[in-house]
Amino acid sequence: MKQISFIPDQNEAMSEGSLSVESLLLADQSNSPAEEKMGADSSDTDLEIEDTERSFATMKGAELYLEACKLVGVVPVSYFIRNIEEPYMNLNHHGLGPKGAKAIAIALVSNTTITHLELEDNWILAEGVTCLVQMLRENCYVQELNISNNHIGTEGAEAISRMFLDNISSLRAVQLSGNNFREETAQYFTEALLGNYRVKELDLSHNEFSEKGGEHLGQMLANNEALEFLNLSWNHLRMKGAVALGAGLRVNGTLKILDLSWNGFGNEGALALGEALKLNNILVQLDISSNHINNEGAGKLARGLEVNGNLKILKMSHNPLTVEGAIALVTSIRKNSKSKMEEINISNVLVNGSFLKLLDVVCQVHPELDVIYGGVRGFISKKSEQRPDPMKLIQNYLDERKLRLWDFFRNMDKDGSMKIPVAEFRKAMMQQSRIPLDRAQIGELVHKLDRHRTGMVDYRSLVDTQKQMVRDQRWQLRREESRQKKEKHKSEQVLQTFKSAVKMVTSRSSLVMCSGQKPLALPKSDPAHFSTTSLSSCCQPVTTGESTNSQNSAEPAFSEQKGPSNHQLSQSEPHSWSMSTSDLEVKFYSQPNFSISEAQTHSQYSIATSDLETYSKAQSSDNATSYRVMPWETRSSAHESHYLARNCHAASSPQKHGHSAKSSK
């Protein structure tokens, strides 16, 4: 490998040991053109620098930060001032820039409380990173640093690599995601991490490493003895780079979590990873989601899973896999009696019944295994089977044996830490036979107990789930009671409406009769007398000129009827009452049709007097205005009542009203 030589800058040449606040200030002042112009013989400037050094030596904390902001010419960040004594400092997305980062670095040189520093997305560039690196050489308390998405480029990567190479800082976790690192920067990190033993977690995701970068990083994996977590997702690793990473992983002895998602490993990379898993027994979690691995690649990877005895989590979602690839992965676990696999994520794959049967068989031997798949092919539109709440089944079990929830949890918590790994909890629930829980119900219960995917189930979450179950039961009970009350109220309303309708139809089933009048004797056997013709269609008014004259001539004859005849309309009759058009139609439908010849045998008919009086009044000139403003329903009812009464009256007295009948013809 080509050795990389780091040329020390002017700031590093000041001393072999750590740097101080004064070195940061002098670095800024030594690069200023004004000082170069003045020369070394300017005693006033030297005195000013000495005064500045003495003043900064006596300042600490917020006071030092404010003075540094004045020096570099930036606005102080109030959040930093308020939380400068807290161990966690989050300055993400504050727009600090290079000068703001320099002020932060000056303030943190002597800080002993902050252990986790977040500076993501502040556009600090390589200049700001250089200041932070100088601060970290002096500060031995910061252990976690996030400078992702700051566009530090190759120059910033070189400064960080020098810090890694010297093993001076106390950093154990560094996030460098999204900093435009290209192929050449991979060489800097490789050289620096070959001998570094402090950094345990490194995030290089969302950069531009490709084949050449993969080769350098693979060499770093083969020689590094400290890294436990490495994130290389969202790069361009493929072909030779992917194979080189697999070769480096094969001999690595410390890495536990490797994220290679959203690259281009393909089947060649899957083959290299499968060969690496045959020998590597340190890796615990491998993420190769979205790497263009099909069923063939899954089969090659499965060969390594048949031998590996330490890998617990395998993520392969968003790959072009089908149920055949899924079966190959599960079958490899079945063949490996030493497998510790806890989770296989193929969330975009639709499986079938054969896969589910195979999974049930495998879970009997490996009860801790959880396979996350997309769904069952052919059963997407089918309504899911309703299963009882698993927490309710556990509660029923405890109630039957008069046990407490703590007794149930203590039997699984062997070390008394009040926490159980998800795999052990799943295994314990699968192996017990007293509580009728299947694999799907146990998965649902684990999802409730470990909502944040921490990999642990604690007693507190179990108690909270039990309380939530009780609240859900009470809510369902109240909902069911409310539904029953609404149904009962609705039924009562329908029944009351039905009774009212029956009462109305029964009371108005015949035409209104005057007092002392007998009903018509209608034939019972002839169904032709019954008709569904509406009243308005039977009594159609005549609109010609002759009909108008006939009406005018017939009305006086009708109104001049004297004596005890029941044709006379009186407001004092107790059986006279008003009715609407709909009432008339109901009464007419409930009666059989009768002709004029049949009506001549009866001499007494009575119609609703109020509607007829309303119509008669409207015919007079003095009430014409009130009739015009009368509602349409009332006018229509009055018209129909008048025509019915006139026809009936004319039929009963043809001799007296003969002239009117001729006029009508």
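Residues numbered from 1 in each chain as written. Predicted model: local features only at pLDDT ≥ 70, side-chain atom pairs only at ≥ 80, totals over all residues. Heavy atoms only, no water.

### Quick look at helix α8 (residues 153-166)
Residues lying three or four places apart along an α-helix face the same way, a consequence of the helix completing one turn every 3.6 residues. Stated precisely, the cut-off is as follows: Only DSSP runs of H or I reaching four residues or more are called helices, and only runs of E reaching two or more are called strands; each is numbered from the N terminus. Multiplying one less than the number of residues by 1.5 Å gives the expected span of a helix. Note on contacts: a residue pair qualifies if any of its non-hydrogen atoms lie within 4.5 Å across the two residues.
For α8, built from 14 residues, the straight-helix expectation of 20 Å at 1.5 Å per residue is met to within 8% by its first-to-last C-alpha distance of 21 Å. Buried residues in α8 make contact with α7 (125-138), β4 (173-175) and α9 (183-193). Trailing α8 by a residue or two, N167 shows a phi angle of about 55 degrees, which is positive.

### Side note on the side chain of S177
This is how it is decided: Note on exposure labels: buried denotes an accessible area under 20% of the residue type's maximum, exposed denotes more than 50%, and partly exposed covers the range between, all computed with a 1.4 Å probe on protein chains only. Nitrogen and oxygen atoms within 3.5 Å of one another constitute a polar contact, given that in protein one can donate a hydrogen and the other can accept it, and given that sequence-neighbouring residues count only through two side-chain atoms.
One can find S177 in the loop between β4 and α9. Residue class for S177 comes out buried when judged on its relative accessible area of 8%. Only 3.0 Å separates the side chain of S177 from the side chain of S205, close enough to count as a polar contact. Sequence-distant contacts of S177, that is, excluding residues within four places in its chain, are made with S148, N149, D203, S205, H206 and N207.

### Brief notes about the sheet that holds β4
For clarity, the cut-off: For two strands to count as paired, DSSP must find a minimum of two bridges between them. Axis angles are defined between N-to-C directions and span 0 to 180 degrees, where every axis is a line fitted to C-alpha atoms and, for a helix, only to the segment in contact.
Here we have 11 strands laid out as an open sheet, ordered β1-β2-β3-β4-β5-β6-β7-β8-β9-β10-β11, and parallel in their pairing. The sheet terminates laterally at β1 (88-90) and β11 (370-376), the two strands that pair on one side only. Going across the sheet, the axis of each strand differs from the next one's by a mean of 5 degrees, ignoring polarity. Pairing geometry for strand β7 (residues 257-259) and strand β8 (residues 285-287), over three bridges, is parallel. Considered in β8, the bridge of I257 is made with Q285.

### Here's the deal with the packing of aromatic side chains
In plain terms, the rule: Working definition: rings of Phe, Tyr and Trp (its six-membered ring) pair if their centres are within 6.5 Å, and the pair is stacked with planes under 30 degrees apart, edge-to-face with planes over 60 apart, and tilted otherwise.
Taken as a whole and assessed by the stated rule, the structure comprises six aromatic pairs. Relative to W262, the ring of W234 lies with its centre 4.6 Å away and its plane at 10 degrees, an arrangement referred to as stacked. Residue W234 is located in the loop between β6 (229-231) and α11 (240-251), and its partner W262 is located in the loop between β7 and α12 (266-279); the two are separated by 28 residues in the primary sequence. Note on W262: relative accessible area 35%, which makes it partly exposed. Judged by centre distance (5.4 Å) and plane angle (85 degrees), the ring pair of W406 and Y459 falls under edge-to-face. Of the two residues, W406 is situated in helix α17 (residues 405-410) and Y459 in helix α20 (residues 459-507); the sequence distance between them amounts to 53 residues. On the basis of relative accessibility, which here comes to 26%, the residue W406 falls in the partly exposed class. Feature note: the residues W406, F409 and Y459 constitute an aromatic cluster, connected by ring pairs.

### Some thoughts on the nonpolar core
Spelled out, the test is: Among buried residues, those of type Ala, Val, Leu, Ile, Met, Phe, Trp, Tyr and Cys that are joined through side-chain atoms within 4.5 Å constitute a nonpolar core.
By size, the foremost hydrophobic cluster in this structure holds 97 residues, and its most contacted members are F80, I160 and L286. Apart from residues lying up to four places away in sequence, L286 is in contact with L258, L260, L273, L277, L311, I313, L314 and K315. Formed by 23 residues, the second largest nonpolar core is a distinct cluster that contains M412, L445, V457 and L462.

### Some remarks on the layout of surface pockets
Here is the rule: A cavity here means a set of points on a 1 Å grid, drawn over the protein atoms and nothing else, where a 1.4 Å probe fits but cannot get out; a pocket is an open set with protein on both sides within 12 Å along at least five of seven lines, and a residue lines either one if it has an atom within 4 Å of a point. Grid points are joined across faces, edges and corners, and a volume is the space filled by probe spheres set on the points. In this classification, Asp, Glu, Lys and Arg are treated as charged, Ala, Val, Leu, Ile, Met, Phe, Trp, Tyr, Cys and Pro as nonpolar, and every other residue, Gly included, as polar.
As a volume, the largest pocket reaches approximately 980 Å³. Along its surface, the largest pocket is lined by 33 residues, and E342, E343, V422, A423 and R426 are the ones closest to its centre. Tallied by class, the residues present in the lining of the largest pocket amount to 14 nonpolar, five polar and 14 charged.

### What about the packing of helix α6 (residues 97-108) against α7?
Where we set the bar: What sets the label is the angle itself: under 35 degrees gives roughly parallel, over 145 gives roughly antiparallel, 65 to 115 gives roughly perpendicular, and the rest give oblique.
Where α6 contacts α7, the axes come no closer than 8 Å and their chain directions differ by 5 degrees. Regarding the angle of α6 to α7, the classification is roughly parallel. The residues of α7 that touch α6, namely those facing P98, A101, K102, A105 and L108, are L125, E127, G128, C131, L132 and M135. Among the residues forming the contact of α6 with α7, the class breakdown is eight nonpolar, one polar and two charged.

### Observations regarding the pattern of salt bridges
Put simply, the rule reads: Should a side-chain nitrogen of Lys or Arg be within 4 Å of a carboxyl oxygen of Asp or Glu, the pair is scored as a salt bridge.
If you walk through the whole model with that rule in mind, you get 19 salt bridges. Across the pair D370 and R426 runs a salt bridge whose closest N-O atoms are separated by 3.4 Å. In this pair, D370 sits in strand β11 while R426 sits in helix α18 (residues 422-431), placing the two residues 56 residues apart along the sequence. According to the relative accessible area criterion, R426 is buried, its value standing at 7%.

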